Amino acid sequence: MSCNAIVTGASRGIGLEAARALASRGCDELLVARDRAGLEEASRELSSKYGVKAIPRPADMTSRESEAIVDEARSLLGDIDVAFVSYGNPPCEPCEPADASWDDWQYAASMYLVFPARLLGRLARVNGRKATVILVSSFSSRSPMWPTGVSDVVRAGLPAMAKLFSRAYPGSLRVIVLELGSFRTPGAERLIGELARREGVSAEDYWSRVASMSPLRRLGRPEELRELIAWLAFSPEYLTGVTVLFDGATLQSL
Ligand SMILES: NC(=O)c1ccc[n+]([C@@H]2O[C@H](COP(=O)([O-])OP(=O)(O)OC[C@H]3O[C@@H](n4cnc5c(N)ncnc54)[C@H](OP(=O)(O)O)[C@@H]3O)[C@@H](O)[C@H]2O)c1
């Protein structure tokens, strides 16, 4: 059976792992991020390793032009089976909430709420197949921590969004929020590196502290993430409007 997917934040980190997981299941994909070169590199890897179509589509998810993505993906690939929505962080992070500017809050609201809402809305209106949509969030959106507090607070709205769209369009959408623990991605390296620098400790020491937040005393592994995403994307239909916490039973935040 054919599978067509949209993956955002697909040039690195969580989004790239999702793109690999879906390609390994035979999905052709539209890959979204801002930087074309990063997308082209991901596209070359996915098409040569998995033999799928992987089409780069540079777009900024904080901008209104990103509303066109569902229509473009359908015209390039056909009806959509899976959308995996990952993204970056607002420019100020890591930052204290009092130091986040108007633009930082607006950036977060556009990227984490407006973009997914419009993507879901467009899928509900035009897609000819029922789509599974996975929206990335964080374990810390349940108990915000200061370095990523803007993201945490805004993404606290995603479980409600998943319920809303799953209830309103049960024939066309199945929406799952994926709240992640800690994975050593390029974005996380940047955040942790900056926090370590501010405290005057080494990045490795800071990573050990992050790992110790889980009783497993380790970070999440990319292969675990790919396995879960591949399973969620094709999981039973009854799993809908739900929030999945994948955080190694993390006990505390930074
Ligand atoms: N890593 C973790 O442990 C972890 C845990 C919990 C939650 N998360 C969340 O998961 C998301 C992904 O994290 P990550 O670690 O994979 O980050 P990452 O390594 O920095 O990757 C971010 C991806 O999103 C793209 N992107 C960023 N801003 C964008 C924008 N405005 N429009 C379009 N694309 C954009 C980036 O490409 P361009 O820069 O080229 O646009 C890149 O492909 C983040 O929101 C993070 O808060 C991560």
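As a convention, each chain's residues are numbered from 1 in the sequence order in which they are written. Residues qualify for local features only when their pLDDT is at least 70, as the model is predicted, and side-chain atom pairs are given and counted only at 80 or more; totals for whole chains, interfaces and linings, by contrast, use all residues. Remark: hydrogens and water are excluded; side-chain values derive from all non-hydrogen atoms of the structure.

With that settled, consider the packing of helix α4 (residues 102-126) against helix α6 (residues 158-168). The contact between α4 and α6 brings their axes to 11 Å, and the two run at 10°. Taken together, the axis directions place α4 and α6 in an arrangement best described as roughly parallel. Relative to α6, α4 is oriented so that their crossing is right-handed. Between α4, through Y112, L113, P116, A117, L120 and G121, and α6, the contact on the second element is made entirely by L158, M161 and F165. Of the residues in the contact of α4 with α6, the class split is eight nonpolar, one polar and no charged. Only C-alpha atoms enter the line fits that serve as axes; for helices the fit covers just the stretch in contact. Angles between N-to-C directions range over 0 to 180 degrees. Secondary structure is summarised from DSSP: a helix means a run of H or I of at least four residues, a strand means a run of E of at least two, and numbering begins at the N terminus for each. Convention used here: angles under 35 degrees read as roughly parallel, angles over 145 as roughly antiparallel, angles from 65 to 115 as roughly perpendicular, and any remaining angle as oblique. Helix crossings are classified by the rotation of the near helix relative to the far one: an anticlockwise turn of less than a right angle makes the crossing left-handed, while a clockwise turn makes it right-handed. Contacts between residues were defined by any pair of non-hydrogen atoms, one from each residue, lying within 4.5 Å. Polar here means any residue other than Ala, Val, Leu, Ile, Met, Phe, Trp, Tyr, Cys and Pro, which are nonpolar, and Asp, Glu, Lys and Arg, which are charged; Gly is therefore polar.

Further remarks concern the pattern of salt bridges. For salt bridges, the criterion is a side-chain nitrogen of Lys or Arg within 4 Å of an Asp or Glu carboxyl oxygen. According to the stated counting rule, one finds 19 salt bridges in the structure shown. Salt-bridge contacts for R197 lead to E194; the nearest nitrogen and oxygen are separated by 2.7 Å. Placement of both R197 and E194 in helix α7 (residues 186-199) is noted, with a separation of three residues, approximately one turn of the helix. Taking relative accessible area as the criterion, E194 reaches 21% and is therefore assigned partly exposed. The partner of R209 in a salt bridge is E199, and the shortest N-O contact between them spans 2.9 Å. Of this pair, R209 sits in helix α8 (residues 203-211) while E199 sits in helix α7, placing them ten residues apart in sequence. Think of it in three bands: with a 1.4 Å probe and only protein chains considered, a residue is buried below 20% of the maximum accessible area for its type, exposed above 50%, and partly exposed in between.

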